[in-house]
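Each chain, letter by letter, is given below.
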Amino acid sequence: MNELDTKKIESLLEEEKYDEAASLMAEFFGREMTKKEKASFYLAYAGLYLEVMAGISGRYNEALKQIRKNLEEVTAFEKREKDKLNLEEVRTSL
């Protein structure tokens, strides 16, 4: 088995034939791979890792932007309330 038959594995998983799918994968990954195949897998793994990390970073940045926006709103609200209190103090003292 030189190539992993992903279509067959997906089909087996959809049919809930997990043992057969696991057997195909174990057979493929259990064999000795060439340097070229190993390099190919490492590159694919690195690409997947970078893609996942970029997605996580993007979500983190969006959440951070929302937090900053919320903080700005709270700070503005706090300033308005302090100004109101100061105005009331001035009115009361007059």
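Here's a quick rundown of the structure. Since this is a predicted model, take the numbers as computed values, not measurements.

What follows deals with the pattern of salt bridges. Overall, the coordinates contain six salt bridges when judged by the stated rule. One salt bridge connects Glu37 with Arg31, and the closest N-O pair in it is separated by 3.0 Å. The salt bridge involving Glu62 is made with Lys65; its shortest N-O contact spans 3.6 Å. Taken together, the positions of Glu62 and Lys65, both in helix α3 (residues 35–93) and three residues apart, correspond to about one turn of that helix. What makes Lys65 exposed here is its relative accessible area of 54%.

We now examine the environment of Asp5. With respect to the helices and strands, the residue Asp5 is situated in the segment before α1 (6–14). Here the alpha-carbon distance between Asp5 and Leu24, two residues 19 residues apart in the chain, equals 8.3 Å. A polar contact of 3.2 Å, which involves the side chain of Asp5, links it to the backbone nitrogen of Lys8.

We now examine unusual backbone geometry. Positive phi, close to 60°, is recorded for Glu16, a residue that is not glycine. Mapped onto the fold, Glu16 is located in the loop between α1 and α2 (18–30). For Glu16, a relative accessible area of 57% gives the class exposed.

Rules and cut-offs
- Residues numbered from 1 in each chain as written.
- Predicted model: local features only at pLDDT ≥ 70, side-chain atom pairs only at ≥ 80, totals over all residues.
- Heavy atoms only, no water.
- Salt bridge = Lys/Arg side-chain N within 4 Å of Asp/Glu carboxyl O.
- Helix = DSSP H or I, 4+ residues; strand = E, 2+ residues; numbered from the N terminus.
- Buried < 20%, exposed > 50% of the residue type's maximum accessible area, 1.4 Å probe, protein only.
- Polar contact = N/O pair within 3.5 Å; in protein donor to acceptor, adjacent residues only side chain to side chain.

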